[in-house]
Amino acid sequence: MRQLFMILLAFFLMKNAFSQEYTFDSLFFAANQQLANGDTDSTFLIIQNIDTSSTSTYQRVKYLSLISETHLKSNTSNNRERAINFLIEALKLLKATEENALIMAELNDKIGEVYDLMRQKESSKIYFQSAYNLRIEYNLKEELYKSYINLGINSYRFGRLSDCIDFNRKALTLLEGNRSATDIAKCHFWLGSAYNFLIDEVPGNLDTYLDSAVYHAKASKNLYANAGDTIGTIQVNSLLGSIYTQQENGPAAIAVLLESVELIDSLEKSRGQKMEHEVYATTFTRLSRAYELVGDFRKALTYSNQRYSEVIGILMEKERTRVAQITEDYRTDKQLDQAEQTAFFASRKARLFSIGLIILVIALLISYLIFIQTLQKKKLENLQAMVMGEEQERKRVAKDLHDGIGVLLTSVKLRLSNFEDKVEDQEGYRESLAQIDNACTEVRRISHNMVPASLTKLGLAEAILDLLDNVKASTQLKVKEEIAVEEGIIDEEKEVLIYRIIQELINNSMKYAHAQTIALSVTLSNSTLSIQYKDDGKGFDKTEIKEGLGLKSIASRVDILRGKLQIQSAPGNGAEFNINIPIDE
């Protein structure tokens with residue numbers, strides 16, 4: 001159906017080029033309709049036929065905003081950068097006046113939100129602050145709550161939790177009696193999130209802050225539920241699960257998280273597609289921790305394993321969808337090319353006479369044969385490249401899979417070992433440990449033929465933070481981290497290798513060094529990525545390092561990245577790793 005629409009649209013627009021012109025408003029409306037239906041290809045095709053040479057400033061701003069929104073629908077780092085560029089171009093068209101202030105504030109907010117999605121909090125802060133200044137300067141009181149919400153989110157990103165609370169309280173004050181239940185729910189959500197983590201900054205007030213976190217989270221949940229916002233309800237349930245876990249209220253945490261599982265299943269059935277894998281990762285991780293609190297270690301292990309099954313399944317499905325989309329785009333391009341050729345020659349046919357018509361038919365036949373041969377050759381080349389690329393990827397993943405799920409399975413086994421004396425069902429306990437050993441064996445088996453999803457889709461900084469969160473949630477290991485790497489600076493292949501290095505360092509600390517505390521610093525300065533890692537484990541003699549998948553794997557990846565590795569360790573004194581990697585080579 002989509003292919004038919006694209007072909008008809010191509011004919012329609014070509015016909016228009018030879019007859020009357022569409023108005024800006026009619027084409028703009030048609031593009032918006034296609035974007036609302038999720039068809040970005042058709043939207044871009046219509047946008048290309050919009051003539052902006054005689055449009056007003058406001059029409060031009062609308063046009064650039066539409067292009068930006070279309071790029072954002074693709075949800076990739078490159079398209080987000082393009083979206084920001086178009087929004088900035090739209091912003092430059094407007095002068096700061098009372099008449100333009102509302103539009104300019106909204107454009108600044110949109111740019112800030114995109115930067116927030118990209119986790120570029122410094123850039124996000126600049127544009128959120130600009131929107132706030134415009135609303136203050138031109139007395140846009142009814143819109144001021146938007147700035148308070150955005151500045152609160154930005155403060156949360158910077159870890160300024162008190163500022164986050166202050167901004168959201170101001171927003172709630174302005175929203176009193178307001179019809180925007182979703183915005184009020186959002187304020188309560190960020191207040192609950194801030195109070196949930198404020199206990200780390202102000203020790204001694206654990207119960208007070210957690211009670212405040214529960215109050216705001218429940219208020220947010222009620223508003224989202226009344227508004228029928230399932231995604232918002234799932235996010236709040238995840239927050240409540242985290243709070244109840246900190247309160248060591250396992251039954252309450254299990255109740256809200258199981259509700260999230262039901263909502264996720266319901267939403268997926270209505271949408272016909274899977275949720276983002278981060279949703280499963282967070283929900284099942286917290287469910288596993290909650291069941292540990294109530295002493296049900298079987299279910300804790302079940303949800304821990306289920307988390308990896310779901311996440312890997314979703315990521316692999318995305319990869320299959322991506323390949324299918326490439327194939328679909330290839331077919332669509334072929335049909336559009338054929339449609340353009342047919343329309344061109346059809347328009348020429350009416351203007352030609354006897355001899356010209358014969359020449360045209362001969363030229364058309366020759367062109368068609370050449371076109372078919374070129375397409376067949378290109379198709380064979382693309383298929384060959386795809387197969388070769390897939391084989392190379394399988395070879396690379398065979399080594400990396402050991403460093404992925406292996407770390408997390410080891411964490412589960414170590415954590416279960418801490419409860420050996422507390423488990424009454426010793427036989428069941430031993431069976432659980434045996435299941436973990438079997439899972440490790442299965443990982444080694446499938447590592448030769450399974451292709452995991454790219455870790456770099458999260459971005460390096462977010463992927464490292466997610467890894468550390470998993471370690472904190474599933475082990476007793478204390479983690480100190482400092483991650484300062486902006487997304488988009490390092491290419492994806494290097495990001496995967498860097499992530500695997502850090503993953504293997506943590507694995508060694510838990511599996512071999514039996515460390516209690518680790519410290520990780522990842523910083524970027526003068527085109528050099530510096531990784532400093534330290535643990536307080538049992539250490540080792542560098543002259544007696546065994547040839548295994550651990551340190552050898554780390555060293556080989558550092559060599560591939562043309563980096564330098566320094567190791568300082570001695571028996572009983574822990575281990576320290578200093579790695580410097582150039583990123584501009």
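For clarity, every value in this text was computed on a predicted model and none was experimentally measured.

**Student:** Got a minute to help me understand the sheet that holds strand β3 (residues 528–535) in this structure?
**Tutor:** One key point about sheets: their strands pair by backbone hydrogen bonds, in either a parallel or an antiparallel sense. Taken together, the five strands give an open sheet; going across it, the order is β1-β2-β3-β5-β4, and neighbouring strands pair in mixed fashion. Of all strands in the sheet, those bounded by a partner on one side alone are β1 (478–484) and β4 (564–569). On average, adjacent strands in this sheet sit at an angle of 5° to one another, irrespective of strand direction. Where β3 lies against strand β5 (residues 575–582), eight bridges are found, and the strand directions are antiparallel. Paired with Tyr533 across the two strands is Phe577, which belongs to β5.

**Student:** Whenever I open this one, the pattern of salt bridges confuses me. Can you help?
**Tutor:** Where charged atoms of side chains with opposite charge meet at close range, the side chains can pair. If you walk through the whole model with that rule in mind, you get 11 salt bridges. A salt bridge links Glu89 to Arg60; the shortest N-O distance between them is 3.3 Å. Highlighted residues: Glu89 in helix α5 (residues 77–93) and Arg60 in helix α4 (residues 57–74), separated in sequence by 29 residues. By relative accessible area, Glu89 is classed as partly exposed at 33%. For Glu292, the salt bridge identified is with Arg289, shortest N-O distance 3.5 Å.

**Student:** Which parts of the structure should I look at to understand the packing of helix α2 (residues 24–36) against helix α3 (residues 40–47)?
**Tutor:** The relative placement of two packed helices comes down to the angle between their axes together with the axis-to-axis distance. Running from amino to carboxyl end, α2 crosses α3 at an angle of 165°, the nearest separation of the two axes being 8 Å. When the axes of α2 and α3 are compared, the pair comes out roughly antiparallel. The handedness of the crossing between α2 and α3 comes out as left-handed. On the side of α2, the interface is formed by Leu27, Ala30, Ala31, Gln34 and Leu35, while α3 contributes Thr40, Ser42, Thr43, Ile46 and Ile47.

**Student:** Would you take a moment to explain the packing of aromatic side chains for this structure?
**Tutor:** How two aromatic rings sit relative to each other is given by the distance of their centres and the angle of their planes. For the structure on display, the rule yields 11 aromatic pairs. Taking the centre distance of 5.1 Å and the plane angle of 65° together, the rings of Tyr156 and Trp190 count as edge-to-face. You can see Tyr156 sitting in helix α8 (residues 144–157) and its partner Trp190 sitting in helix α10 (residues 181–198), a full 34 residues away along the chain. In this structure, Tyr156 and Trp190 share a single accessibility class: buried. On the basis of an interplanar angle of 5° and a centroid distance of 5.6 Å, the ring pair of Tyr291 and Tyr303 is categorised as stacked. A residue pair is termed long-range when its members are at least 10 positions apart, and Tyr291 in helix α14 (residues 277–293) and Tyr303 in helix α15 (residues 297–349) qualify at 12 residues. The exposure class of Tyr291 is buried, given its relative accessible area of 7%. The class for Tyr303 is buried, based on a relative accessible area of 15%. Ring-pair connections join several aromatic residues into one group, and the members of that group are Tyr156, Phe189, Trp190 and Phe197.

**Student:** What should I look at first to understand the environment of Ser569 in this one?
**Tutor:** With respect to the helices and strands, Ser569 occurs in strand β4. For Ser569, a relative accessible area of 18% puts it in the buried group. Those residues within four positions of Ser569 in sequence are excluded, and the remaining contacts are Gly539, Phe540, Lys542, Gly574 and Ala575. For Ser569, the side chain forms a polar contact with the main-chain nitrogen of Phe540, separated by 3.0 Å. Side-chain polar atoms of Ser569 contact the backbone oxygen of Gly574, separated by 2.8 Å.

**Student:** Whenever I open this one, the packing of α10 against helix α12 (residues 230–246) confuses me. Can you help?
**Tutor:** It is at 11 Å that the axes of α10 and α12 come closest, and there the two elements cross at 25°. Our classification of the angle between α10 and α12 gives roughly parallel. Note that α10 runs across α12; the crossing there is left-handed. Note on element contacts: α12 touches α10 through Gln235, Val236, Leu239, Ser242, Ile243 and Gln246, opposite Phe189, Gly192, Ser193 and Asn196. For the contact of α10 with α12, the per-class residue count stands at four nonpolar, six polar and no charged.

**Student:** Just to check I follow, could you spell out the pairing of β4 for this structure?
**Tutor:** Put simply, side chains in a regular strand alternate between the two faces of the sheet. When β4 meets β5, the two strands line up antiparallel, connected through six bridges. Bridge pairing in β5 links Gln568 to Glu576.

Procedures and definitions
- Residues numbered from 1 in each chain as written.
- Predicted model: local features only at pLDDT ≥ 70, side-chain atom pairs only at ≥ 80, totals over all residues.
- Heavy atoms only, no water.
- Pairing = 2+ DSSP bridges.
- Helix = DSSP H or I, 4+ residues; strand = E, 2+ residues; numbered from the N terminus.
- Axes fitted to C-alpha atoms, helices over the stretch in contact; angles between N-to-C directions.
- Salt bridge = Lys/Arg side-chain N within 4 Å of Asp/Glu carboxyl O.
- Buried < 20%, exposed > 50% of the residue type's maximum accessible area, 1.4 Å probe, protein only.
- Parallel < 35°, antiparallel > 145°, perpendicular 65-115°, else oblique.
- Left-handed = near helix turned anticlockwise from the far one by under 90°.
- Contact = heavy atoms within 4.5 Å.
- Phe/Tyr/Trp six-rings, centres within 6.5 Å; stacked < 30°, edge-to-face > 60°.
- Polar contact = N/O pair within 3.5 Å; in protein donor to acceptor, adjacent residues only side chain to side chain.
- Nonpolar A, V, L, I, M, F, W, Y, C, P; charged D, E, K, R; others polar.

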